[in-house]
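Structural features, examined
Okay, here's what each chain looks like letter by letter:
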Amino acid sequence: MLIARLKSYLPAIRNLSSLVDQVLVSGGNFLSIAICAHILPLSEQGKFTYIFASYMALLLLNMAGIFQGAAVRAPAQEPDPYKISLARFQLLQALLLSMLVCAFWFGVGNVFGWQATAAEAGLLFAFLVIQQLADFDRRSAYIFSVTRRAIYSSATLYPIRIIGLLIIRPDTVSQVLMVLIVSAFIPAVLTLLTIGKSRDGSAQSWILAIKEHLTYSRLFIAGAPLSWLWSYIPTFMLGVMHGKEPVALLSSIRGICGMANVLIEQIEIKAVADWARVHHGEGAHIMGVAVSRLFKIGMAFWLLTMTAIVVFGQEIVALVLGNLYAPYWHLLVIAWVGYGVYFIARIFAIKHRILGANHIEFIGNMSGVIAALTAGYVMIPALKATGAAWVYVLIAAAMLISQMLVLKSGKIFAK
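Residues numbered from 1 in each chain as written. Predicted model: local features only at pLDDT ≥ 70, side-chain atom pairs only at ≥ 80, totals over all residues. Heavy atoms only, no water.

- In the annotation of an unreviewed UniProt entry, the entry for the chain reads Polysaccharide biosynthesis protein, and the organism field reads Candidatus Gallionella acididurans.

Next up, the structure:
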C-alpha cells in the first residue's frame, strides 16, 4: 500500500525535478544579467547584452538542429552511438557558429556601437563554444538519461558563475567572459568525454546518421531564425539608432520579466507532453479543460505580478539592477504587458500544435518578425528604449491576432 502510494507521487516528483533544473538555469541567467548591471558601466553592460543575444541565437539553432529532433528520434535509435554522434555534431556546429558570430562582432560590430577587439572576440569565441558544449551535457540528459542528471549539470555551472561574479566583481566585459568560461568548464568537459568515446563504424556511417537527423529536423531548423529575429530585432534596431547604452537599459529591465521563462519553459517541457497524452487518451475536450486551467493560473499570476510592479516597480528595479536603472522603471511595466500578451499567444499556439495545426505557430512567428520591423522603424527613432519596449508588446499582439485569423480562415474554408 505504501509502495503504491509512493509510486503515485513519482510524476509530481519528476515535474518538480524539471522545475528545479529550470530555476537553476533561468535564475542563473537572470542573476548574471542583474549582477553585471550593478557592477558594469552602462557601455560594458551594453556589450554584455549583445553577447547574451548572440548566445541565445546559437541556443535556438542548437535546439532546432539537435535537441527537438533527437527527443523524438532517440527511442528508436541505439542510445550510446546516437548520443556520441550528436555530441560530435554539436562540437562541429559550436565551432562553426561561434566563429561566424565572432567574425561579425569583430568585423561589422561598429554598426551596433560595439566593434569587438581581437581579445574580446577571442574570449567571446571561447565562451560560446564552451557554453554550447555545457548546454549539450544538460539538455542531452533529458533525452538519454534522467532529469536528475540535468540538475547535476546545471548545479556545476550556474552557482559557480554567480559566486564568481559576486567575488571577482568584474568591471569589463572581458573579465565577465572569463568568469563565464570558467564556470561552464565542468559540463563542457563531460561533453568532450562523450565525444571521445570509442564507437564502431566508419566516418561515412557517422555522416549518414547526422544527415538523417538533419533531414528529420529541417522544419525545426527553418523556424528557429524567425523566433530569434522577432525576439531581438527591436534590441538591435535600438542599438543601431541610439547606441548600446539604451540597449543595456531595456534588456536589463526586460531581464527581470525573464524569470517568467521558468513557467514558459515548463509549458514546453512538461505541459505539452501531458496535454498530448490527454488528447490522445481522453479527447480534445478534456485537453481543452487542462489548457484552460493552466491559462487561468497563468493570468492570475500575471495580474498579481502586474499589481506589484505598478505599486513597487521603481523599488524592484533599483533593488535588482541598481539606482542607475530606477528612473526607467516604466519599461518594466511595458515589458510585463508584453509578457502577458505573449503568454496568451504561446498557449494558443501550443494548444493547436497538439491538435495538429503546426502552421499556426509558424505564421505567428512570421507575423512577429513583420511587426518587429514595421513597428520598430516607426517607434524606436522617436521613443528610444520606451518605443522598443512597446514594439515587443505589438509583436506579441501581432502573433496572437495572426494565429487567431489563420485558425478562423481555416475553419471557414473547411466549411
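**Focus: the overall build of the chain**
- The secondary structure content of the chain amounts to 16 helices and zero strands.
- A burial count over the chain gives 50% of its 415 residues as buried.
- Once local pairs closer than 6 in sequence are excluded, the contacts in the chain between residues at least 24 apart make up 79%.
- Within the structure as shown, the chain displays about 19700 Å² of accessible surface, and the carbon and sulfur contribution to it stands at 70%. (Helix = DSSP H or I, 4+ residues; strand = E, 2+ residues; numbered from the N terminus. Buried < 20%, exposed > 50% of the residue type's maximum accessible area, 1.4 Å probe, protein only. Contact = heavy atoms within 4.5 Å. Areas by Shrake-Rupley, 256 points an atom, 1.4 Å probe, with all protein chains shown as cover.)

**Considering the side chain of Asp137**
- Its place among the elements puts Asp137 in helix α5 (residues 118–144).
- Apart from residues lying up to four places away in sequence, Asp137 is in contact with Arg149, Ser153, Pro187, Leu190 and Thr191.

**Topic: the pattern of salt bridges**
- Under the defined criterion, the tally for this structure stands at five salt bridges.
- Between Lys47 and Glu44 there is a salt bridge, and its shortest N-O distance comes to 2.9 Å. Of this pair, Lys47 and Glu44 are both found in helix α3 (residues 42–73), three residues apart, which corresponds to roughly one turn of the helix. The pair Lys47 / Glu44 is uniform in exposure class, with both members buried.
- The closest approach of N and O atoms between Asp137 and Arg149, which form a salt bridge, is 2.6 Å. (Salt bridge = Lys/Arg side-chain N within 4 Å of Asp/Glu carboxyl O.)

**Digging into unusual backbone geometry**
- Phi is positive for Arg169, close to 50°, though the residue is something other than glycine.
- Tracing the chain through its elements places Arg169 in the loop between α7 (158–168) and α8 (173–183).
- Positive phi values are uncommon outside glycine, yet Lys384 reaches one of about 55°.
- Locating Lys384 in the fold gives a position in helix α16 (residues 358–414).
- Residue classification places Lys384 among the partly exposed positions, given a relative accessible area of 46%.

**Some words on the environment of Val20**
- Relative to the elements of secondary structure, Val20 occurs in helix α2 (residues 10–39).
- By relative accessible area, Val20 is classed as partly exposed at 37%.
- As a C-alpha pair, Val20 and Ser154 span 134 residues in sequence and 9.7 Å in three-dimensional space.

**What to know about the packing of aromatic side chains**
- Per the stated rule, a full pass over the model turns up 19 aromatic pairs.
- Arg254 extends its terminal NZ or CZ atom over the ring of Tyr392, reaching a point 3.7 Å from the ring centre. (Phe/Tyr/Trp six-rings, centres within 6.5 Å; stacked < 30°, edge-to-face > 60°. Lys NZ or Arg CZ within 6 Å of the ring centre and 35° of its normal.)

**Structural notes on the environment of Val182**
- Inspection of the secondary structure assignment puts Val182 in helix α8.
- Judged by relative accessible area, which is 59%, Val182 ranks as exposed.
- For the pair Val182 and Ile160, spaced 22 residues apart in the sequence, the C-alpha separation amounts to 8.6 Å.

**Quick word on a nonpolar patch on the surface**
- Together, Phe104, Val108, Val111, Val240, Met241, Leu373 and Tyr377 make up an exposed nonpolar region whose accessible area comes to about 600 Å².
- Elements that contribute at least two residues to the nonpolar patch include exactly α4 (79–108), α11 (218–242) and α16.
- Within the secondary structure, Phe104 sits in helix α4.
- Assessed through its relative accessible area of 33%, Phe104 is described here as partly exposed. (Patch = residues over 30% accessible without salt bridge, like charges linked within 9 Å, V, L, I, M, F, W, Y side chains within 5 Å.)

**Things to note about the side chain of Arg346**
- Summarising the element assignment, Arg346 is placed in helix α15 (residues 330–354).
- Among the polar contacts made by the side chain of Arg346, one reaches the side chain of Glu361 at a distance of 2.8 Å. (Polar contact = N/O pair within 3.5 Å; in protein donor to acceptor, adjacent residues only side chain to side chain.)

**Points about the confidence of the model for the chain**
- Averaged over every residue, the pLDDT of the chain is 85; the share at 70 or more is 87%.
- Here residues 4–10 is a poorly scored stretch, pLDDT under 50, and it has zero contacts once near neighbours within four places are set aside; other chains count. (pLDDT = per-residue confidence, 0-100.)

**As for the nonpolar core**
- Within the largest apolar cluster, 94 residues are counted, with the highest numbers of intra-cluster contacts made by Phe48, Trp105, Leu124, Phe127, Phe236, Leu321 and Ile395.
- Two domains each donate at least three residues to this core, and these are domain 1 (11–200) and domain 2 (220–414).
- Counting 12 residues, the second largest nonpolar core, distinct from the first, contains Phe67, Tyr82, Phe89 and Ile195. (Core = buried A, V, L, I, M, F, W, Y, C linked by side-chain atoms within 4.5 Å. Domains from an automatic or database assignment.)

**Quick notes on the packing of helix α12 (residues 244–257) against helix α14 (residues 284–321)**
- Relative to each other, α12 and α14 sit at 105°, their axes nearing to 11 Å. Considering their axes alone, α12 and α14 lie roughly perpendicular with respect to each other. Two secondary-structure elements touch here, α12 through Ser252, Ile253 and Ile256 and α14 through Ile316, Val317, Val320 and Leu321.
- For the contact of α12 with α14, the residue count by class is six nonpolar, one polar and no charged. (Axes fitted to C-alpha atoms, helices over the stretch in contact; angles between N-to-C directions. Parallel < 35°, antiparallel > 145°, perpendicular 65-115°, else oblique. Nonpolar A, V, L, I, M, F, W, Y, C, P; charged D, E, K, R; others polar.)

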